[in-house]
Amino acid sequence: MTGAPDGLARSDGKDDKTGRGPLALNGVTRRFGEFTAVDNVSFEVGPGELLALVGASGSGKTTTLRMAAGYETPDSGTVTLGGKDITRVPPERRGFGMVFQHYALFPHMPVEDNVAFGLEARRVSKVERLVKARAALASVGLEGAGSRPIQSLSGGEQQRVALARALVIEPRALLLDEPLSNLDPTLRHAMRDDLRAMLRRVGVPALFVTHDQEDAFAVADRIALLKKGKLLQVGTPEELYNSPISREVAAFIGRGSIVPAIDKGSTATVTIGGVARDLNVTRPKGVAPHLETAFVVLRPDALELSRSAGVLAWRGRITNRRFAGGVVVYRVQLADGISVDVESLSGEAHEDDNVSISPLKGPFPLVPA
Amino acid sequence: MKASARRQSWLIALPVMALLLWTVVYPNVAVIAGSFEDGLGHWREFAASPADREALWTSLVISVASVFASLAIGVPLAFLLGRFEFPGRRLLRAVATLPAALPPLVGVIAFLFLYGESGLVTRVVQRALGMAEAPWRLKGVGAIVFVHAYTMYVYVFLFVSAGLERFDATLDEAASGLGANTWQRLRRVTLPLLMPAVAGSALLVFMNALGSFSAPYVFGGGLRVLSTQILASKTNGAMGLAYVETTVLALSAVAGLVLFRWLDRKRRYTLASKGGRSRRTIRSRRIQILTTVASAVIVVALVLPHLMVILVSFARDGAWTTQVLPPEYTFENYRRLFTESELWKPITNSVSMALIATAANLVVCFIAGYLIVLRKFGGRGLLELLVALPWAIPATAIALGLAATFNRNDLLTGRVLLVGTFWILPLAYFIRDIPLVASAVESSLRQMDASLEDAARGLGASWMMTMRRVVLPAARPGLVAGGLLAAVTAVGEFVASVVLYTHSNRPISMEILAQLRALAFGTAASYSVLLIFLVLLMTLAARSFEERLA
């Protein structure tokens with residue numbers, strides 16, 4: 001992780017009310033009437049770090065972002081930047097760069113005026129505005145597009161203009177609301193890499209909201225997973241994937257079936273159709289050494305499919321076969337109403353074939369109920 | 001197949017186009033031709049007449065001043081009601097459009113009762129200050145603009161409110177996130193995006209003020225404006241000069257239209273309709289009290305004309321002279337309206353003429369709207385122009401055109417004698433309301449999926465069945481709304497009526513004016529109340545009709 005480069009002075013000369021450094025939310029809560037949209041959420045984003053707020057719709061991720069930006073004021077808790085409390089600083093005094101979900105580009109201004117708007121608000125001279133706006137456009141790969149009307153831009157171009165507009169004010173933090181969700185799949189994959197590269201280059205805390213965990217995996221350094229306004233877990237993508245702290249996290253992150261298990265400490269026993277297997281497990285920090293009810297996550301890449309009938313294997317029937325480029329993913333219906341996805345390099349098995357499934361070495365994530 | 005569809009389009013279009021060319025275009029051409037019947041003589045006469053030059057100038061000044069006055073009231077009011085929450089907001093919102101419910105002449109006489117020399121407010125101020133004479137006179141440009149601002153700000157208010165409602169709140173948030181303060185956001189983002197709404201409503205006010213007749217006629221005093229000059233010339237028998245004045249008035253309107261289109265030329269965007277933002281509650285106690293007091297004052301100012309007309313309608317004719325309020329009250333005025341046949345006649349006249357005109361509007365505009373929206377054929381552009389044309393021509397000019405065309409029987413030149421008969425007024429009302437009904441029908445039909453018609457035909461429905469079961473139901477909301485507006489404007493119509501009426505087909509508006517001249521204020525006011533009541537009745541009828549069908 002790179003630190004914030006020095007010399008990121010604000011060009012407006014306004015006094016520095018909001019400070020610099022990590023952006024932190026400390027126990028923020030936001031209620032709308034009876035409904036608690038965000039419930040006691042805390043996390044910190046360091047300079048140059050990319051944190052993704054992930055959750056289903058209605059999980060409170062956008063409200064959280066809007067509190068970070070200043071469009072919403074928390075009912076309790078604080079927002080700080082570099083240790084300074086900015087909870088009640090209005091958005092126009094925060095100096096954050098925000099990219100809205102539908103970009104919110106001003107339809108009555110050409111591209112250049114859109115990008116230069118934040119500088120205009122800071123009373124930067126016209127010449128300097130122009131120079132900086134053009135440089136910002138160049139940095140997102142849109143040289144020479146300055147005089148084009150907004151309506152003539154494609155979705156991807158609009159997204160880049162919105163990004164340039166947020167970057168040109170040399171923001172103290174970058175906030176992005178679903179930055180990739182309005183792009184078509186091909187463009188989206190390309191933009192993931194571009195976005196990560198650009199955000200890392202800026203070197204300020206960057207917070208972005210997404211409902212798509214693949215976007216989050218591809219772009220973020222760390223992920224904060226929200227559900228119904230509560231923060232479930234914060235960690236690197238690997239941590240969330242390999243050591244989810246709860247069944248809910250395991251269900252949301254990555255594919256895999258969550259099956260009941262008997263907790264034996266460093267291993268756990270999973271019994272399906274009378275066939276019991278001991279699996280190596282990773283335990284989330286802070287859970288009791290022996291859980292009464294425990295579950296194990298069976299990821300598709302941790303299982304093996306075989307067409308021969310092994311004695312110690314779980315028996316099942318293929319209900320669905322899907323080619324996923326390089327591997328074939330089979331859905332296999334096992335006994336006890338459990339079905340699992342299995343990745344296999346061989347595509348020889350077909351729907352309605354009877355197969356056996358055995359676990360690989362693991363370790364498998366163990367989660368409490 | 002395609003050629004036959006085109007032939008069918010033309011077959012339906014030709015009668016409608018012929019009718020519009022005959023009743024809308026021909027009279028105006030006749031007026032222009034009439035202005036040249038003496039070569040340039042009438043034009044020279046116009047140019048040499050100080051009265052006419054003054055009238056043209058005054059008309060333009062009044063129109064521009066009315067635009068600015070309406071903007072000054074309508075825009076802040078739309079912002080206040082659209083963006084803020086405060087005690088009394090709902091009441092203010094409910095009465096904000098009330099002035100639009102007053103027929104033009106009724107608004108004028110309400111102002112006369114309130115702010116005229118012997119009006120209620122004038123007298124109260126006069127007594128309070130112990131003055132010997134009225135503190136002001138309701139005369140001249142100021143008075144006319146005052147009345148115009150009261151009745152026409154509603155256009156600005158409605159347009160800007162709708163614009164604010166469609167306004168994408170994230171644009172405002174984006175601007176504030178980029179560091180723009182409230183003033184910068186207003187100047188650079190909100191107002192530029194509202195410009196289409198502001199310009200559109202300003203144009204509407206301009207056109208209405210330019211063609212306005214009742215306020216200059218009643219408050220003008222010695223003041224000359226084009227619309228009243230036209231009537232004066234016609235009454236004096238100087239038809240040539242009246243034609244020139246009419247042509248100048250119509251040209252001013254068209255010039256205004258072109259100018260506004262040009263000012264608004266750069267707009268290439270539309271506002272996304274993603275729902276408005278929530279209104280901000282005013283927190284400061286001081287500002288809260290201030291807005292509440294201000295809105296209370298506005299509410300009273302808006303309701304007062306209506307209340308005053310109702311009050312005066314119960315006043316005994318001739319009894320109200322120097323008192324602040326009428327001294328004697330009676331039901332006599334209303335009793336006489338319903339029992340004396342001479343007084344009852346204008347009511348049946350207005351209602352029947354409005355219904356005839358509206359029925360014609362519905363038939364013609366449905367066909368025109370269908371052709372414009374759902375049929376791609378060569379004459380579409382011309383048809384669109386024809387139905388929009390009456391909107392650009394002030395009512396006085398339309399009326400004079402009819403007077404110039406339908407004044408004798410001469411089938412060779414397409415003239416039929418209608419002037420002096422009952423039918424000339426329904427025709428005038430019909431022409432005035434074509435753009436209104438047509439645009440309502442068009443907007444309804446535009447919401448219909450164009451493939452529905454094809455789908456119905458594909459399922460084997462005949463053309464008639466498709467029209468009856470698919471197109472007509474799709475046009476119905478527009479027909480009901482447009483028909484209601486047409487009937488409401490026609491029943492209170494004054495401007496074209498004053499040029500064309502005769503004693504036997506005199507509408508309510510002319511009778512109000514006659515009673516006013518006879519200083520029978522009570523009778524004039526009771527007609528006005530009846531007119532408001534008729535408007536209300538029609539609105540309720542249209543609403544229940546729509547609900548029953550929906």
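Residues numbered from 1 in each chain as written. Chains lettered and ligands numbered in written order. Predicted model: local features only at pLDDT ≥ 70, side-chain atom pairs only at ≥ 80, totals over all residues.

**Considerations on the overall build of chain A**
Looking only at helices and strands, chain A has eight helices and 20 strands in total. Sequence-distant contacts in chain A: of pairs separated by 6 or more residues, those separated by 24 or more amount to 70%. (Helix = DSSP H or I, 4+ residues; strand = E, 2+ residues; numbered from the N terminus. Contact = placed C-beta atoms within 7 Å.)

**Looking at the overall build of chain B**
Looking only at helices and strands, one finds 23 helices and two strands in chain B. The C-alpha atoms of chain B give 25 Å as radius of gyration, which agrees with the globular expectation for 550 residues (24 Å, within 12%). With respect to the principal axes defined by its C-alpha atoms, chain B has extents near 85 × 70 × 50 Å. Within chain B, buried positions represent 45% of all 550 residues. (Rg over C-alpha atoms; globule rule 2.2 N^0.38 Å. Buried ≥ 20, exposed ≤ 12 C-beta atoms within 10 Å, placed from the backbone.)

**Things to note about the domain arrangement of chain A**
One widely used convention gives an interface's size as the accessible area the parts lose upon coming together. When cut into domains, chain A gives domain 1 (23-240) and domain 2 (261-368). Just the C-alpha atoms count here: the centres of domain 1 of chain A and domain 2 of chain A sit 39 Å apart. (Domains from an automatic or database assignment.)

**Here's the deal with the sheet that holds strand E14 (residues 294-298) of chain A**
Residues and elements named next belong to chain A. Spatial strand order, E11-E12-E13-E20-E14: five strands in a closed barrel with mixed pairing. Taking each pair of neighbouring strands and ignoring which way they run, the sheet shows an average axis angle of 50 degrees. The sheet contact formed by strand E11 (residues 257-263) and strand E12 (residues 267-272) spans two bridges and is antiparallel. In the strand pairing of E12, Ile 262 is matched with Thr 269. (Pairing = 2+ DSSP bridges. Axes fitted to C-alpha atoms, helices over the stretch in contact; angles between N-to-C directions.)

**Quick look at the sheet that holds strand E17 (residues 328-333) of chain A**
Residue and element names in this part refer to chain A. Pairing is antiparallel in the open sheet, where five strands are placed in the order E15-E19-E16-E17-E18. The open sheet has two edge strands with one neighbour each: strand E15 (303-306) and strand E18 (339-344). Taken pair by pair, the neighbouring strands of this sheet meet at an average axis angle of 45 degrees, ignoring direction.

**What to know about the packing of helix H3 (residues 50-83) of chain B against helix H9 (residues 182-211) of chain B**
All names here are of chain B. Following both chains from N to C, one finds H3 and H9 inclined at 140 degrees, their axes separated by 8 Å at the closest point. What the angle tells us is that H3 and H9 run oblique. Where H3 crosses over H9, the two elements pack in a sense that is right-handed. Here Ser 59, Ile 62, Ser 63, Ser 66, Val 67, Ser 70, Leu 71, Gly 74 and Val 75 of H3 lie close against H9, whose contacting residues are Val 198, Ser 201, Ala 202, Val 205, Phe 206, Ala 209 and Leu 210. Class assignment of the residues belonging to the contact of H3 with H9 gives a composition of ten nonpolar, six polar and no charged. (Parallel < 35°, antiparallel > 145°, perpendicular 65-115°, else oblique. Left-handed = near helix turned anticlockwise from the far one by under 90°. Nonpolar A, V, L, I, M, F, W, Y, C, P; charged D, E, K, R; others polar.)

**Looking at the nonpolar core**
By size, the foremost hydrophobic cluster in this structure holds 266 residues, and its most contacted members are Leu 207 and Val 296 of chain A together with Ala 428 of chain B. If you tally residues by element for this core, the top one is helix H7 (residues 140-166) of chain B, at 15 residues. (Core = buried A, V, L, I, M, F, W, Y, C linked by C-beta atoms within 7 Å.)

**Some points on the packing of helix H17 (residues 395-405) of chain B against helix H18 (residues 424-446) of chain B**
Residues and elements named next belong to chain B. Running from N to C, H17 and H18 point in directions that differ by 135 degrees, and their axes come no closer than 10 Å. When the interaxial angle is binned, H17 and H18 end up oblique. For H17 against H18, the interelement crossing comes out right-handed. Seen from H17, the contacting residues are Ala 395, Ile 398, Ala 399 and Leu 402; seen from H18, they are Ile 424, Leu 427, Ala 428, Ile 431 and Arg 432. By residue class, the composition of the contact of H17 with H18 is eight nonpolar, no polar and one charged.

**A closer look at the interface of chain B and chain A**
Taken together, the contact between chain B and chain A spans 18 residues of the former and 21 residues of the latter. Secondary-structure elements contributing two or more residues to the side of chain B that touches chain A are helix H8 (169-177) and H9 of chain B. Here the side of chain B that touches chain A takes seven residues from H8 of chain B, the largest share from any one element. Split by residue class, the side of chain B that touches chain A holds nine nonpolar, six polar and three charged.

**With respect to helix H16 (residues 380-392) of chain B**
Look at H16 of chain B: 19 Å from first C-alpha to last across 13 residues, which is about the 18 Å you get at 1.5 Å a residue. Among all positions in H16 of chain B, only Leu 383, Leu 386, Val 387 and Pro 390 of chain B are buried. (Expected span 1.5 Å × (residues − 1).)

**A short note on the pairing of strand E9 (residues 222-227) of chain A**
Residues and elements named next belong to chain A. Counted residue by residue, E9 has six buried out of six residues, so it is predominantly covered. Of the two faces of E9, the one holding Arg 222, Ala 224 and Leu 226 and the one holding Ile 223, Leu 225 and Lys 227 are both buried throughout. With four bridges joining them, strand E3 (residues 50-54) and E9 adopt parallel strand pairing. What sits directly across from Leu 53, in E9, is Ala 224. Here E9 folds back onto strand E10 (residues 230-235) in antiparallel fashion, the turn holding two residues, of which Lys 228 has a positive phi close to 50 degrees.

**Things to note about the pairing of E17 of chain A**
Residue and element names in this part refer to chain A. Pairing of strand E16 (residues 314-323) with E17, which is carried by six bridges, proceeds in the antiparallel orientation. Residue pairing across strands places Phe 323 opposite Val 328, the latter belonging to E17. When E17 meets E18, the two strands line up antiparallel, connected through six bridges. In the strand pairing of E18, Val 332 is matched with Val 340. What sits between the antiparallel neighbours E17 and E18 is a turn of five residues, in which Asp 336 has the positive phi angle 60 degrees.

**Points about the domain arrangement of chain B**
Residue and element names in this part refer to chain B. Here the domain parsing of chain B yields domain 1 (1-28 + 314-550) and domain 2 (36-265). Here the C-alpha centroids of domain 1 and domain 2 sit 23 Å apart. Tallying the contact residues gives 25 residues for domain 1 and 26 residues for domain 2. Of all the secondary structure elements, the ones that give two or more residues to the side of domain 1 that touches domain 2 are H17, helix H21 (495-500), helix H22 (508-517) and helix H23 (521-549). Per-class residue counts for the side of domain 1 that touches domain 2 are 20 nonpolar, five polar and no charged.

**As for unusual backbone geometry**
Among all residues except glycine, the phi angle is most often negative; among peptide bonds, the trans geometry is most common. Residues and elements named next belong to chain A. Positive phi outside glycine occurs at Asn 40, with the angle close to 55 degrees. Note on placement: Asn 40 falls in strand E2 (residues 35-45). By C-beta crowding, Asn 40 is classed as partly exposed, having 14 other C-beta atoms within 10 Å. In this structure, Lys 228 is a non-glycine residue whose phi angle is positive, near 50 degrees. With respect to the helices and strands, Lys 228 occurs in the loop between E9 and E10. Judged by local crowding, Lys 228 falls into the partly exposed class, with 15 C-beta atoms found within 10 Å.

**Overview of the environment of Thr 291 of chain B**
Residue and element names in this part refer to chain B. Relative to the helices and strands, Thr 291 resides in helix H13 (residues 285-313). Residue Thr 291 is classed as partly exposed on the basis of its 19 C-beta neighbours within 10 Å. For the pair Thr 291 and Phe 86, spaced 205 residues apart in sequence, the C-alpha separation works out to 7.4 Å.

**A closer look at the confidence of the model for chain B**
For chain B, the average pLDDT comes to 88, and 97% of its residues sit at 70 or higher. Scoring of the predicted complex yields 0.80 for pTM and 0.74 for ipTM. (pLDDT = per-residue confidence, 0-100.)

**What to know about the environment of Arg 31 of chain A**
Residues and elements named next belong to chain A. One can find Arg 31 in strand E1 (residues 23-32). Along the sequence, Arg 31 and Arg 188 sit 157 residues apart, while their C-alpha atoms lie 33 Å from each other. Discounting residues that sit within four places of it in the chain, Arg 31 has contacts with Thr 36, Ala 37 and Asp 75.

**Remarks on the environment of Phe 219 of chain B**
All names here are of chain B. By the element assignment, Phe 219 lies in helix H10 (residues 214-219). Its 24 C-beta neighbours within 10 Å are what place Phe 219 among the buried residues. For the pair formed by Phe 219 and Ala 18, sequence separation is 201 residues and the distance between their alpha carbons is 40 Å. When near neighbours in sequence (up to four residues on either side) are disregarded, Phe 219 contacts Leu 138, Lys 139, Ala 143, Ile 144 and Val 147.

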